[in-house]
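So the chains spell out like this:
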Amino acid sequence: MTDRRLLLVHAHPDDETIGTGATMAKYVAEGAHVTLVTCTLGEEGEVIPPELAHHAADRDDTLGQYRIGELAAACKALGVTDHRFLGEAGRWRDSGMMGAATNDRPGCFWRADLDEAAGELVKVIREVRPQVLVTYDENGFYGHPDHIQAHRVSRRAFELAADPAFPGGEPWRIAKFYLTAMPKSVLRRTIETMREAGVGFWVPESIDDMPGCADEDVTTEIDARPHVEAKLDAMRAHATQIAVDAPWFALSNNVGQQALGVEHFILRAGVPGRPGIGAPPEVGGLGEPYNRETDLFAGIG
């Protein structure tokens, strides 16, 4: 259905692939128009491969420009052809982890004026006219300031885009507003699977200190397993940030994770559609009870 339009808002290059890559590839393959908005260039990311260390933020500060190319390659792997930076490339800078001195740097995304940044996103919304918007939860999944700000900006733009009094283009009301999610049961099974497989990355002892949500909070499960190879290819494109040993990967903290083809979401605004039969637990699904949507566009006429 070519009239389906999906908009995703992510903080840095690589976030789109880790949390929503399989879902993006699935909807592109099905003919939906998928738009990705990235809020920063990821200038403060920690570079993993020694051969790319000269791009690190504390050296010649070329990482942001380099990651533009990585993101383009990742989008190509996922089939996404409509990608924009919020405002323009480099309009707002990566703020670094919460509590870092870079949180106070002029021009960082954490310090962005909310209505100004949301206004830039409204321009995209009114142009693309998506039925569905996806971003992080209120805590940015794990507390990163740019993820939190991406949520705030997305939520504000969701409201402003439908307001006839807000200037700039014809108003547009988005039908469904989703947050990305990682269920605790999926984390638990992933740890068990990694431990059994003897992966080369560090495997946490438990899920107690890992970000995640209760299974019952999840409203929507997208089974995009046929597109997990595209997700892995997109991860490989983000070579400065992600080490891949398929089906496992790790960021600079070396904590092992599994590249799953089943991705989860929480419907924060909009009317839920009819539930479907989700994926089984052994492949990353939640299993019974089957009371969750299996399509982000479910219930949209």
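Residues numbered from 1 in each chain as written. Predicted model: local features only at pLDDT ≥ 70, side-chain atom pairs only at ≥ 80, totals over all residues. Heavy atoms only, no water.

**Re helix 3 (residues 114–128)**
In step 1: The first and last C-alpha atoms of helix 3 sit 21 Å apart over 15 residues, in line with the 21 Å expected at 1.5 Å per residue.
In step 2: All of the buried residues in helix 3 are Ala117, Ala118, Gly119, Leu121, Val122, Val124, Ile125, Arg126 and Val128.
In step 3: Buried residues along helix 3 sit against strand 1 (5–10), strand 2 (33–38), strand 3 (82–85) and helix 5 (145–160).
In step 4: Where helix 3 begins, the side chain of Asp113 points an oxygen toward the backbone nitrogen of Asp115, at a separation of 3.3 Å. (Helix = DSSP H or I, 4+ residues; strand = E, 2+ residues; numbered from the N terminus. Expected span 1.5 Å × (residues − 1). Buried < 20%, exposed > 50% of the residue type's maximum accessible area, 1.4 Å probe, protein only. Contact = heavy atoms within 4.5 Å. Polar contact = N/O pair within 3.5 Å; in protein donor to acceptor, adjacent residues only side chain to side chain.)

**Some words on the sheet that holds strand 9 (residues 257–258)**
Adjacent strands of a sheet form backbone hydrogen bonds with each other and so pair up, either parallel or antiparallel.
In step 1: A sheet is described by the order of its strands in space; here three strands give the open sequence 7-8-9, paired in antiparallel fashion. Strands with a single pairing partner mark the edges of an open sheet, and in this sheet they are strand 7 (243–245) and strand 9.
In step 2: Across two bridges, the pairing between strand 8 (residues 248–250) and strand 9 is antiparallel. Across the sheet, the residue bridging to Phe249 is Gln257, located in strand 9. (Pairing = 2+ DSSP bridges.)

**Concerning unusual backbone geometry**
In step 1: Across the junction of Ala246 and Pro247, the peptide omega takes the value 5 degrees, indicating a cis bond.
In step 2: Counting through the fold element by element, Pro247 comes out in the loop between strand 7 and strand 8.
In step 3: That bond from Glu288 to Pro289 is cis: its omega, 0 degrees, falls within 30 degrees of zero.
In step 4: Assignment of secondary structure puts Pro289 in the segment after strand 10 (262–269).
In step 5: If you check the backbone angles, Phe141 has positive phi at about 70 degrees while not being a glycine.
In step 6: By relative accessible area, which is 30% here, Phe141 ends up partly exposed.
In step 7: In this structure, Asn254 is a non-glycine residue whose phi angle is positive, near 65 degrees.
In step 8: Mapped onto the secondary structure, Asn254 falls in the loop between strand 8 and strand 9.

**Things to note about the nonpolar core**
In step 1: Grouped together as the largest cluster of nonpolar side chains are 36 residues, with contacts concentrated most on Leu7, Val9, Leu86, Phe109, Leu121 and Ile125.
In step 2: When residues of this core are traced back to their parent elements, those giving at least two are strand 1, helix 3, helix 5, strand 5 (176–181) and strand 10.
In step 3: Among the elements that make up this core, the one with the highest residue count is helix 3 (seven residues).
In step 4: Excluding residues within four positions of it along the chain, Phe109 makes contact with Cys39, Thr40, Leu86, Trp92, Arg93, Ser95, Ala117, Asp146, Gln149, Ala150 and Val153.
In step 5: Listed in part, the 28 residues of the second largest apolar core include Ala22, Leu71, Leu78 and Val134. (Core = buried A, V, L, I, M, F, W, Y, C linked by side-chain atoms within 4.5 Å.)

**Here's the deal with helix 2 (residues 63–78)**
In step 1: With 16 residues, helix 2 should cover 22 Å at 1.5 Å per step; its first-to-last C-alpha distance of 22 Å lies within 8% of that length.
In step 2: Among all positions in helix 2, only Leu63, Gly64, Arg67, Glu70, Leu71, Ala74, Cys75 and Leu78 are buried. The buried residues of helix 2 all sit within an arc of 140 degrees when viewed along its axis, so they share a single face. Among the exposed residues of helix 2, those pointing more than 90 degrees away from its buried face are Gln65 and Lys76.
In step 3: Against the buried residues of helix 2 lie helix 1 (15–29), strand 2, strand 3 and helix 7 (228–237).
In step 4: Where helix 2 ends, the next residue or the one after it, Gly79, has phi of about 85 degrees, a positive value. (Arc of directions from axis to C-beta.)

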